[in-house]
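Listed below, chain by chain, are the residues.
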Amino acid sequence: MALEEYESVMRKGCRDLPKLICVITGKGPLKEYYSEMIRNKDFQYIDFSTPWLTAEDYPKLIASADLGVCLHTSSSGLDLPMKVVDMFGCGLPVCAIHFNCLAELVKHEENGLVFQDESELASQIQNLLTGFPKTSMNLEKFRKNLELFQSKRWHHSWKDTALSYFKK
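S.K.: Can you break down the pattern of salt bridges residue by residue, with the values?
M.R.: Taken as a whole and assessed by the stated rule, the structure comprises seven salt bridges. Linking Glu7 and Arg11 is a salt bridge whose minimum nitrogen-to-oxygen distance equals 2.8 Å. Placement of both Glu7 and Arg11 in helix α1 (residues 2–11) is noted, with a separation of four residues, approximately one turn of the helix. What makes Glu7 buried here is its relative accessible area of 4%. A relative accessible area of 40% means that Arg11 is categorised as partly exposed.

S.K.: How would you summarise the state of the cysteines if you had to cite specific residues and measurements?
M.R.: One pass over the full model with this rule turns up zero disulfides. Here Cys22 is not disulfide-linked; the sulfur of Cys95 is the nearest cysteine sulfur, at 12 Å. There is no disulfide at Cys101, and the cysteine sulfur nearest it, in Cys70, is 11 Å away.

S.K.: Let's hear about the nonpolar core: which residues, and what values?
M.R.: Tyr6, Leu20, Ile46, Cys95, Leu128 and Leu129 are the most contacted members of the largest nonpolar core, which totals 22 residues. The set of elements that each furnish at least two residues to this core consists of α1, β1 (20–23), β4 (94–97), β5 (112–115), α5 (118–129) and α6 (137–151). The dominant element in this core, judged by the number of residues it contributes, is α5, at five residues. Setting aside its immediate chain neighbours within four residues, Leu129 contacts Tyr6, Asp16, Leu17, Pro18, Leu20 and Leu139. Residues Cys70, Met87, Phe88 and Leu146 belong to the second largest nonpolar core, which totals 16 residues.

Thresholds applied
- Residues numbered from 1 in each chain as written.
- Predicted model: local features only at pLDDT ≥ 70, side-chain atom pairs only at ≥ 80, totals over all residues.
- Heavy atoms only, no water.
- Salt bridge = Lys/Arg side-chain N within 4 Å of Asp/Glu carboxyl O.
- Helix = DSSP H or I, 4+ residues; strand = E, 2+ residues; numbered from the N terminus.
- Buried < 20%, exposed > 50% of the residue type's maximum accessible area, 1.4 Å probe, protein only.
- Disulfide = S-S within 2.5 Å.
- Core = buried A, V, L, I, M, F, W, Y, C linked by side-chain atoms within 4.5 Å.
- Contact = heavy atoms within 4.5 Å.

Keep in mind these values describe shape, not function.
Take a look at the structure:
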């Protein structure tokens, strides 16, 4: 697990990384499974919260975060993770697990990072948060690039991407 690796680095005396507060939202079928897994770990540098948030509170929480992680994979390979859309809408950079069409949304090294496995996620989290909050250059770059994402509205994006297919 990526967070176990983070914890291990912290226990070895690394002081360039911050303590983490991980907020896991939702009420999906695996929530209890992961909650139990977390309870059975002895984290000293990572705290967890698993709230169910109202529609009004959800974007406030996301906007207050420094980094989002998306573990959504598409069973069809065609749908995009709405959690990432929510995060991007609040200006939150993400680390997202790779699947076929994810690149339509997450531009690796531009508005976030894409990972293949837990080891790569662990490395990305550590790299992004080293020196936090003073030297988080990539997080700042991703946030600035997300401002462009936020300025592009659905209609404009649809015209640029799909309209030409319907004019044939």
